[in-house]
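A structural walkthrough
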Amino acid sequence: MTCAPCWQIHNHCLALKDNLGMAGTKDSQWKHIQYMRQRYGTEEFDFMPETLVLPDDSEVISDRLHKSPQPWILKPVIGKQAIGVSIVTNKKQLPNFRKPGMAGKRFVLQKYVTNPLLVNGRKFHMRMYLILTSLSPLRVLTHNEGLVLFATQNYSTEANSYQDMKIHLTNSAVADRSNAEHATNGWLLSQLWAHLESQLGVEKVVAVKRSIDDAFMKLALSAQLQEGGYEERRSGGCFDLLGVDVLIDSQHSIHVMEINVGPEVVSQHPKTHKANELAHKAVLNDLIPLAAMSSTPEHITLSFRSRYACVFVGSPSK
């Protein structure tokens, strides 16, 4: 493979998305997690909810739903803004791949976390930003700032509530479509940590943060260990910004729901999405300088550490 000119930096790291890449389509993300579980044990990679892939696992999920009608969240393997997302509790709600137009369509079914931690009665998830500034050696940073996105209605586990996406989905696009402008404002991640410290205590919040750092570190390291490894680019030849969606449950365990390639960093409604705007600016202000300094990790460590929850500098891959 021909190396890029020394002055050129690619704004995507292709190996993260190929085959079993940790940041590919939703089905490839789960295959990557499965590969790492088989190699290093389920306990080391238990931070992503169990996932099935359709149509491959259609018989498995039909049998599971017949025996125990527990909720699963259905998502297209490629998609955004929660389009095509629903909650499935029985096999009649599964996609019918015999229908016209369904050929080639693929979905994932992720086991639904029914006991999310709530803030003011509402479900939420965190969008955290993972910045990779080099693949070999591996350099990964997690920005201290991020977004907290809320459902627009109070949480419920009543059986008839699962068809109401305003209760169960926390994507801001759902709030926009429901015209619930009073609820479209997210929080900054720093606001959430301050709130949780006041409710749960500092020690528990520190423990949650450590669990997130641990999961992110394993995700980053696992990418270097996946079959095929990284593309052959010089050190500092590419960088990537990933949006990782994390949910905390009522027992304060963390769940990595999905990893978003090229996360949206432009607020469509800045007047009603003030938190989005502030978080995006915080991340983007650092992104290009970090990519430019990727060959000098000591500058990353000294100049940017105060704005990052996790910094990892590894040795070149072999």
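To be clear, the structure that these remarks concern was listed above.
Description of the structure in this document.

What counts and what doesn't
Residues numbered from 1 in each chain as written. Predicted model: local features only at pLDDT ≥ 70, side-chain atom pairs only at ≥ 80, totals over all residues. Heavy atoms only, no water. Helix = DSSP H or I, 4+ residues; strand = E, 2+ residues; numbered from the N terminus. Buried < 20%, exposed > 50% of the residue type's maximum accessible area, 1.4 Å probe, protein only. 1 Å grid on protein atoms, 1.4 Å probe; cavity = no way out; pocket = protein on both sides within 12 Å on 5 of 7 lines; lining within 4 Å. Points joined across faces, edges and corners; volume = space filled by probe spheres on them. Pairing = 2+ DSSP bridges. Axes fitted to C-alpha atoms, helices over the stretch in contact; angles between N-to-C directions. Expected span 1.5 Å × (residues − 1). Salt bridge = Lys/Arg side-chain N within 4 Å of Asp/Glu carboxyl O. Polar contact = N/O pair within 3.5 Å; in protein donor to acceptor, adjacent residues only side chain to side chain. Core = buried A, V, L, I, M, F, W, Y, C linked by side-chain atoms within 4.5 Å. Contact = heavy atoms within 4.5 Å.

Quick look at unusual backbone geometry
- Look at the link from leucine 54 to proline 55: it is a cis peptide, with omega at 10°.
- Summarising the element assignment, proline 55 is placed in the loop between β1 (51-54) and α2 (58-67).
- In the Ramachandran plot, asparagine 120 falls in the positive-phi region, its phi being about 55° despite a non-glycine side chain.
- One non-glycine residue, histidine 252, adopts positive backbone phi at about 70°.
- On the basis of relative accessibility, which here comes to 22%, the residue histidine 252 falls in the partly exposed class.

Considering empty space enclosed by the protein
- Tallied over the entire structure, the rule returns 3 cavities of 30 Å³ or more.
- The calculated volume of the largest cavity comes to roughly 60 Å³.
- Every residue along the wall of the largest cavity is listed here: Lys26, Gln29, Trp30, Met48, Thr51, Lys75, Val108, Gln110, Met257 and Glu258.
- For the lining of the largest cavity, the elements supplying multiple residues, two or more each, are α1 (26-40), β4 (107-111) and β11 (254-261).

Some remarks on the sheet that holds β4
- An order of β1-β4-β2-β3 is seen for the 4 strands of this open sheet, with the pairing classed as antiparallel. For this open sheet the edge positions go to β1 and β3 (86-88), each flanked by a neighbour on one side alone. Going from strand to strand, the sheet's axes swing by 30° on average, the running direction of each strand aside.
- In the sheet, strand β2 (residues 72-76) pairs with β4 via 5 bridges, with the strands oriented antiparallel. Looking at β4, one finds that leucine 74 is bridged to leucine 109.

Examining α1
- For α1, spanning 15 residues, the distance from its first C-alpha to its last is 21 Å, which sits close to the expected 21 Å at 1.5 Å a residue.
- Taken together, the buried positions of α1 are occupied by Lys26, Asp27, Ser28, Gln29, Trp30, His32, Ile33, Tyr35, Met36 and Arg37.
- A positive backbone phi angle near 105° is found at glycine 41, which sits one or two residues after α1.

Focus: the pattern of salt bridges
- Evaluated as defined, the whole model comprises 9 salt bridges.
- The salt bridge partner of glutamate 44 is lysine 218, with a shortest N-O separation of 2.9 Å. Of this pair, glutamate 44 sits in the loop between α1 and β1 while lysine 218 sits in helix α7 (residues 202-225), and the two are 174 residues apart along the sequence.
- A relative accessible area of 38% places glutamate 44 in the partly exposed class.
- Given the relative accessible area of 18%, lysine 218 is considered buried.
- A salt bridge links lysine 67 to aspartate 63; its shortest N-O distance comes to 3.2 Å.

Some thoughts on the pairing of β4
- Of all 5 residues in β4, 4 are buried, a share of seventy percent or more.
- Inspection of the sheet shows β1 paired to β4 by 4 bridges, in the antiparallel sense. Counted as the bridge partner of valine 53 is valine 108 from β4.

Here we look at the side chain of glutamate 145
- Topologically, glutamate 145 is positioned in the loop between β7 (139-143) and β8 (147-150).
- Separated by 3.0 Å, the side chains of glutamate 145 and serine 190 make a polar contact.

Some details on the nonpolar core
- If you look at the biggest cluster of nonpolar residues, it comprises 39 residues, and the most contacted ones within it are Met126, Trp193, Ile212, Ile254 and Val256.
- Put simply, the parts of the chain that give this core at least two residues each are α1, β6 (122-134), β8, α6 (189-200), α7, β10 (240-248) and β11.
- Considering every element that reaches this core, the biggest residue donor is α7, with 7 residues.
- Ignoring anything within four residues of it in the chain, the contact list for isoleucine 254 reads Phe47, Val208, Ser211, Ile212, Ala215, Val246, Leu247 and Ile248.
- Formed by 11 residues, the second largest nonpolar core is a distinct cluster that contains Leu54, Leu74, Met102 and Leu109.

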